[in-house]
Amino acid sequence: MGAVATREITSWLDVSEYPFEPKRLSVEGGRIHFVDEGTGSPIVFVHGTQTWSYLFRHLIRGLSKDHRCVAPDHLGFGLSDKPEAFAGTPAQHARNLARLLDHLGLKDITLVAHDFGGPIAMAYAQTHPDKVRKIVLMNTWMWGLRGDPHAEKIARYVTGIVGKFKYNHGNLAHQFVKPLFNDRSKFTHTVDEAYFGPFQDREHRQGPMRLMQAMIKEHEWYEDLWANRTLTEDAQMMLLWGVSDPHFGERYMNRMWAGFPLATVHRLEHCGHFPSEEKPDECATAIRQFAL
């Protein structure tokens, strides 16, 4: 892990699980960390919240044998900078993703996006349709959620007193990540440590909270994204979905499928919100076959 493998970081990150060389790039608001492993046609992994590129470690290790695997940490997440002044909207994260992929000169990209990473990646795909060949979406959405009772309940929680207190004082991984696993035996102590590690310092917890607050606040941005979905119609799409996800489960998959009726659908039974954690081998196999 080079310079990143300080005693502070290796106290919570098992580098045998995440054995990737750290790379850095200056973007809007600070410096992001990213993984760039392997050679071949590129696969770009885009995470959501409260996660970071660690989410895709199993897929990167397997797929980098045949592909160039790139996985950034959004600003405010993972091993990237965590500037207090950065608003952390999905549009800003999308611009930073574009900055990275332009810097790397990637083309014929397969995007693999999860959670908030879905709309962020789709924003890139809409503005760079000539660069994106295939898209894999995992437990995500890309339309405005105002009026969706479930999403509004989450938004009220994260903007309320209790939610803000938990973001500022609690273990984000244990409180917000673990409940979304269908098989909680996969949420080991090592996984808990890795997801909470970047946010141990209270002043570093703004990125996840701001992105969650954007779920409803950025309604118009999401609506524009959905309205312009035909901009990516030349890219092949696969929906790789944990259908036991209590948040973005089968209902969201079906709406995405209705918007992209030519998409291939790969249902992951008895799998929660984090397919790459609960069913990494099945995900890697599906992505490898799809990315050919």
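Analysis parameters
Residues numbered from 1 in each chain as written. Predicted model: local features only at pLDDT ≥ 70, side-chain atom pairs only at ≥ 80, totals over all residues. Heavy atoms only, no water. Buried < 20%, exposed > 50% of the residue type's maximum accessible area, 1.4 Å probe, protein only. Helix = DSSP H or I, 4+ residues; strand = E, 2+ residues; numbered from the N terminus. Pairing = 2+ DSSP bridges. Axes fitted to C-alpha atoms, helices over the stretch in contact; angles between N-to-C directions. Contact = heavy atoms within 4.5 Å. Salt bridge = Lys/Arg side-chain N within 4 Å of Asp/Glu carboxyl O. pLDDT = per-residue confidence, 0-100. 1 Å grid on protein atoms, 1.4 Å probe; cavity = no way out; pocket = protein on both sides within 12 Å on 5 of 7 lines; lining within 4 Å. Points joined across faces, edges and corners; volume = space filled by probe spheres on them. Nonpolar A, V, L, I, M, F, W, Y, C, P; charged D, E, K, R; others polar. Lys, Arg positive; Asp, Glu negative; His and termini not counted. Polar contact = N/O pair within 3.5 Å; in protein donor to acceptor, adjacent residues only side chain to side chain.

## Some words on the pairing of strand 2 (residues 30-37)
For strand 2, a buried count of six out of eight residues is recorded, marking the element as mostly surrounded by other parts of the structure. Where strand 1 (residues 23-27) and strand 2 come together, five bridges link them in antiparallel fashion. When the sheet's bridge partners are listed, L25 is paired in strand 2 with I32. Linking strand 1 back to strand 2 in an antiparallel pair, the connection comprises two residues, with G29 at a positive phi of about 105°.

## Considering the sheet that holds strand 8 (residues 264-268)
Pairing is mixed across the open sheet formed by eight strands, whose spatial order is 1-2-4-3-5-6-7-8. Both edges of this open sheet fall to strand 1 and strand 8, since each of them pairs with a single strand only. Neighbour-to-neighbour, the strand axes of the sheet open up by a mean angle of 20°, direction not taken into account. Summarising the sheet, strand 3 (residues 42-46) and strand 5 (residues 109-115) pair through four bridges and their orientation is parallel. Within the sheet, the bridge partner assigned to V46 lies in strand 5 and is A113. The sheet contacts of helix 4 (residues 117-127) involve strand 3, strand 5, strand 6 (132-140) and strand 7 (236-242), and relative to strand 5 the element is tilted by about 150°.

## A few points about the pattern of salt bridges
The final tally for this structure, using the stated rule, is eleven salt bridges. R57 is the salt-bridge partner of E17, the closest N and O atoms lying 3.1 Å from each other. Of this pair, E17 sits in the loop between helix 1 (7-10) and strand 1 while R57 sits in helix 2 (residues 57-63), and the two are 40 residues apart along the sequence. Here R57 falls in the buried class, since its relative accessible area comes to 1%. Across the pair E250 and R267 runs a salt bridge whose closest N-O atoms are separated by 2.2 Å. Note that E250 is positioned in helix 11 (residues 250-259) and R267 in strand 8, a separation of 17 residues in sequence.

## Regarding the confidence of the model for the protein chain
Residues with a pLDDT of 70 or more make up 97% of the protein chain, whose mean pLDDT is 92. For the stretch residues 1-7, pLDDT sits under 50, and the model shows twelve contacts to residues farther than four places along the chain or on other chains.

## With respect to empty space enclosed by the protein
A complete count under the given rule lists two cavities of 30 Å³ or more for this structure. Estimated volume of the largest cavity: approximately 100 Å³. Contributing to the lining of the largest cavity are 16 residues, with G76, P83, Q206, G207 and R210 lying nearest its centre. No other element matches helix 9 (residues 206-217), which puts three residues into the lining of the largest cavity. Class assignment of the residues belonging to the lining of the largest cavity gives a composition of five nonpolar, six polar and five charged. By volume, the second largest cavity is sized at about 50 Å³. If you tally residues by element for the lining of the second largest cavity, the top one is helix 3 (residues 90-104), at three residues. Looking at the lining of the second largest cavity residue by residue, the classes come out as four nonpolar, three polar and one charged.

## Topic: the side chain of D245
Along the chain, the position of D245 falls in the loop between strand 7 and helix 11. Summary of buried charges: D245 has no salt-bridge partner, and the nearest side chain of opposite charge, R184, is 10 Å away. In terms of polar contacts, D245 uses its side chain to reach the side chain of N139, at 3.0 Å. Excluding its chain neighbours within four sequence positions, the residues that come into contact with D245 are N139, C271, G272 and H273.

## Quick look at the side chain of T49
On the secondary structure map, T49 appears in the loop between strand 3 and helix 2. Look at T49 and you get buried, because its relative accessible area is 6%. At 3.1 Å, the side chain of T49 and the side chain of Q50 are in polar contact. Excluding anything up to four places from it in sequence, T49 contacts F77, D115, F116, P208, L211 and M212.

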